[in-house]
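# Structural characterization, general
Given next are the chains, with one letter for each unit.
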Amino acid sequence: MSVADSDDAVLYEATDSGVAIVTLNRPERLNAWGPDMAPAFYAAIDRAEGDPAIRVIVLTGRGRGFCAGAYLGASGSSPAVGESLEQAGGKTVADLVGERPPHFLTELRKPVIAAINGACVGIGLTQALLCDIRFAAAGAKFGAVFSRRGLIAEFGISWILPRLTGWGVAMDLLLSGRTFLAEEAAELGLVKEVVAPENLMARVLEYAEDIAQNCSPVALSVIKRQAYADTSRDMKTAAADAEALMWEALPRPDVIEGIVSFLEKRHPQFPPLPTSET
């Protein structure tokens, strides 16, 4: 297992079972997103995505927050915030939040699981929703607070939120900007499970390691690509694509190993994800 320096903005660990743990590491500000965090975050995700030994990525935060939105400065720094926003007028989104939009997580070939340990607000909520699966600590606070900051629905949240909750719920959360807790998030379909805070990482790792041990990395990559692509396709097109992908999958060793291991009642030994699928 490797761990980054404790002062780094993002920590990286790799378990022997093939799970990368990427931890936002600015607990003093509830891991609010800032320019110090973006490069380290992208580097950690790229490291996990490029490592054949890693099969699942877990994203979490250190301390009491997952990611409490964008970092707007320390308490009492209102004039500085005003100056920074005026200067931002001529900049691109990349200048403000980093070189990649949050939806890049959906384009990774490996599953990304969010372990939401605390406050999950604004851009932090968007990042969590663009992970493939979410677990949350009991009592964790959520909020799509953009309207309460005079902002619009940023970074793709207006695309992903209705797809997870349905239109009516999404409009409630986006227009009100209200705070809601993990328990309601689970009822709305935003998180898979709510777990006692002290058990969150153990439960997430149990889930992630089951995927890493028992699921084909190539199959995971293709299924993830299908799922996001099919959000903008009709059923006939999606079915035709699935048929073509099935014929591509049949000659792969993963299919034989998946069937044989099932018949032999053992864990499969799937090969790692290749540099590119063929």
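Remember, it's a predicted structure, so these values are computed and weren't measured experimentally. The residue numbers shown here count from 1 along each chain, following its written sequence. Whole-chain, interface and lining totals are the exception, using all residues; otherwise, since this is a predicted model, local features are given only for residues with pLDDT of at least 70 and side-chain atom pairs are given and counted only at 80 or more. Values reported for side chains reflect all heavy atoms of the structure, with hydrogen atoms and water molecules removed beforehand.

A separate point is the packing of helix α9 (residues 217-229) against helix α10 (residues 235-249). Two quantities define a packed helix pair, namely the angle between the axes and the distance from one axis to the other. For helices, the axis comes from a line fit to the C-alpha atoms of the stretch in contact; other axes are also lines fit to C-alpha atoms, and the angle between any two N-to-C directions lies between 0 and 180 degrees. Secondary structure follows DSSP: runs of H or I at least 4 residues long count as helices, runs of E at least 2 residues long count as strands, and numbering of each begins at the N terminus. Viewed as axis vectors pointing N to C, α9 and α10 meet at an angle of 170 degrees, and their least axial separation amounts to 11 Å. By the criterion of interaxial angle, the relationship of α9 to α10 is roughly antiparallel. From α9, V222, R225 and Q226 reach across to α10, where they touch D241, A242 and L245. When its residues are assigned to classes, the contact of α9 with α10 shows three nonpolar, one polar and two charged. Should an angle fall under 35 degrees it is taken as roughly parallel, and over 145 as roughly antiparallel, whereas 65 to 115 is taken as roughly perpendicular and any remaining angle as oblique. Whether two residues are in contact is decided by their heavy atoms: any pair within 4.5 Å suffices. For this scheme, ten residues count as nonpolar: Ala, Val, Leu, Ile, Met, Phe, Trp, Tyr, Cys and Pro. Four count as charged, namely Asp, Glu, Lys and Arg, and the remainder, Gly too, count as polar.

The next thing to look at is unusual backbone geometry. You will see that N31, though not glycine, has its phi angle at about 60 degrees, which is positive. Mapping N31 onto the fold places it in the loop between β2 (19-24) and α1 (38-50). Only protein chains enter the area calculation, which uses a 1.4 Å probe; residues under 20% of their type maximum are buried, those over 50% are exposed, and those in between are partly exposed. Among the residues examined, N31 registers a relative accessible area of 0% and is labelled buried. Of note in the backbone geometry, F155 takes a positive phi value of approximately 60 degrees without being a glycine. Relative to the assigned elements, F155 resides in the loop between β8 (141-143) and α5 (157-165).

Pairing of aromatic rings covers Phe, Tyr and the six-membered ring of Trp, with a centre-to-centre limit of 6.5 Å; geometry is then stacked below 30 degrees between planes, edge-to-face above 60, and tilted otherwise. Tallied over the entire structure, the rule returns seven aromatic pairs. A centroid spacing of 5.3 Å and a plane angle of 85 degrees characterise the contact between W33 and F41, whose relative ring orientation is edge-to-face. Both residues of the pair, W33 and F41, count as buried. When the ring of Y42 is compared with that of F104, the centres are 5.6 Å apart and the planes differ by 75 degrees; the resulting orientation is edge-to-face. Note that Y42 is positioned in helix α1 and F104 in the loop between α3 (93-97) and β5 (112-116), a separation of 62 residues in sequence. Taken together, the ring pairs in this structure connect W33, F41, Y42 and F104 into an aromatic cluster.

Every case where a carboxyl oxygen of Asp or Glu lies within 4 Å of a side-chain nitrogen of Lys or Arg is listed as a salt bridge. Evaluated as defined, the whole model comprises ten salt bridges. For R29, the salt bridge identified is with D36, shortest N-O distance 2.7 Å. Taken together, the salt bridges that share partners define one network made up of K192, E193, R203 and E206.

A residue's pLDDT is the predictor's confidence in that residue, given on a scale from 0 to 100. Here the protein chain averages 85 in pLDDT, and 87% of its residues register 70 or above. Taken together, the stretch residues 76-91 has pLDDT below 50 and engages in three contacts with residues farther than four places along the chain or on a different chain.

Okay, the sheet that holds strand β4 (residues 65-68) next. The pairing criterion for strands is at least two bridges between them, as found by DSSP. Across the sheet, four strands lie side by side as β4-β6-β8-β9; this open sheet has mixed pairing. The sheet terminates laterally at β4 and β9 (179-181), the two strands that pair on one side only. Between one strand and the next, the sheet's axes are offset by a mean angle of 25 degrees, whatever the strand orientation. As paired strands, strand β6 (residues 119-121) and β8 are joined by two bridges and run parallel to one another. Looking across to β8, one finds that C120 is bridged to F142.

On to the sheet that holds β5, then. Across the sheet, six strands lie side by side as β1-β2-β3-β5-β7-β10; this open sheet has mixed pairing. Every other strand in the sheet has two partners, leaving β1 (10-14) and β10 (193-195) as the edge strands with one partner each. Each strand of the sheet is rotated relative to its neighbour by a mean of 20 degrees, with strand direction disregarded. Strands β1, β2 and β3 (56-61) of the sheet are contacted by α1, whose axis makes an angle of about 15 degrees with β1. Contacting β2, β3, β5, β7 (133-137) and β10, helix α8 (residues 200-214) runs over the sheet at an angle of about 170 degrees to β5.

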